[in-house]
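So the chains spell out like this:
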Amino acid sequence: MKEQIETIQADALAAVAAATDERSLDDARVAFLGKKGSLTLASAGMKDLPNDQKPIMGQALNVARTAITQAIDEKKAALEAEADKKSVEGIDLTLPGRELLQGGLHPLTLVKDRAVSILRRMGFALADGPEIETEYHCFDALNTPDDHPARNEKDTFYFDSGKLLRTHTSSVQIRTMEKASAPVRIIAPGSAYRRDEIDATHLSVFNQLEGLYVDKDVKLGDLKGTLEYFLRAMFGTDTEVRFRPHFFPFTEPSFEIDVKLHVKGQEPKWIEVAGCGMVDPAVFSSVSDQRKDDAFDPENVTGFAFGMGIDRLAMIQYGIKDIRLLIENDARFLQQFA
Ligand code: DAH
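Residues numbered from 1 in each chain as written. Predicted model: local features only at pLDDT ≥ 70, side-chain atom pairs only at ≥ 80, totals over all residues. Heavy atoms only, no water.

Per an unreviewed UniProt entry, the chain goes by the name Phenylalanine--tRNA ligase alpha subunit and belongs to Rubritalea halochordaticola. Recorded in UniProt for the chain, the comment headed Subunit (unreviewed entry) runs: "Tetramer of two alpha and two beta subunits." The record in UniProt for the chain states the following under Subcellular location (unreviewed entry): "Cytoplasm". (UniProt positions renumbered as here; feature names shortened; annotations may be inferred.)

**Q** Now, about the UniProt feature "binding site: Mg(2+)" (unreviewed entry) in the chain: what can you tell me, with residues and values included?
**A** Per the UniProt record, "binding site: Mg(2+)" (unreviewed entry) is found at E252. Position of E252 relative to the elements: it lies in strand β7 (residues 251–261). Excluding residues that lie within four positions of it along the chain, E252 makes contacts with M278 and D280. (Helix = DSSP H or I, 4+ residues; strand = E, 2+ residues; numbered from the N terminus. Contact = heavy atoms within 4.5 Å.)

**Q** Can you lay out helix α2 (residues 22–33) for me, pointing to particular residues and giving the numbers?
**A** A rise of 1.5 Å per residue sets the reference length of α2, with its 12 residues, at 16 Å; its end C-alpha atoms lie 16 Å apart and thus fit the reference within 8%. Structurally, α2 contributes buried residues whose contacts are with α1 (2–18), α3 (38–44) and α4 (54–87). (Expected span 1.5 Å × (residues − 1).)

**Q** I'd like a rundown of unusual backbone geometry, residues and numbers included.
**A** Cis geometry is adopted by the peptide bond preceding P183, which originates at A182 and carries an omega value of 0 degrees. Relative to the assigned elements, P183 resides in the loop between α7 (171–179) and β4 (184–193). For the bond from E252 to P253, the omega torsion is -5 degrees, close enough to zero to count as cis. Among the secondary structure elements, P253 is positioned in strand β7. Phi at N143 is positive, roughly 60 degrees, even though this residue is not glycine.

Structure follows, in structure tokens:
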């Protein structure tokens, strides 16, 4: 019987060695170690042996089983390694990978996000309103007379319905005060539209950021401090800021704000970055008429408002000479900001 086991072991090892794939290897395993495999049957014969033979045969069976199992495991690993090798045949694993193009934020988004984050830290919350506006929200409620040039068909995109593409984000001031109650402290970034001739400094669609702060006792000093702080956070702590008297229908007094721009190799110069002023009581009166309450009674509240061009801020920040670059989507231009 010992010889029989040795023969089975030799046959099994030969079958394993001859296996060329996982399937033939498994067939060999079943033929020798399976339920009806020859080694399994031989073990079953043990019980008929005389007692003194049993330990010897038991040991021989163990040796055979261990040897066959080990051979199968090794063969299996060898077959797998071979398959792995085949699967990368002809592929140069040392070649550098293909570069994945990485996206980046548009310069307008970068500037807008920064402006919004500074103002949010100062307590302003985001607000918005429709881009297709009524004349009322865009002009009348903002104390803009019928004969104001901004209301001209030549300057503004009107729809047949009488609605228009908002010419500024100031309409969000009205939209907000119609719903909220004082104190109001909001900013509204968004698009504005004008029938401008397109050139290096004008587009017919551009981006503004509006701000409004209304409460009891808001003063001109609050306006000045807030906007100086904001502009220094945007352009650097030693940025010079200047308020020039101006006129806007919806604020009184009104100002244009300039910052002094220093460009290497050039004389420093003042550039306008925003309009602002103390909310005209006539604006509060319009809102109050509409709301039919005294939440924004000009006797009780005061406020300041400001509006700036985001495209313009981006042009200053990055030294962009032509506003059209901001909408052309030329990757060579945009890559600089990624
Ligand atoms: N709406 C003005 C414009 O488009 C900018 C502006 C000026 C907004 C003064 C304001 C403001 O809120 O107080 O030119």
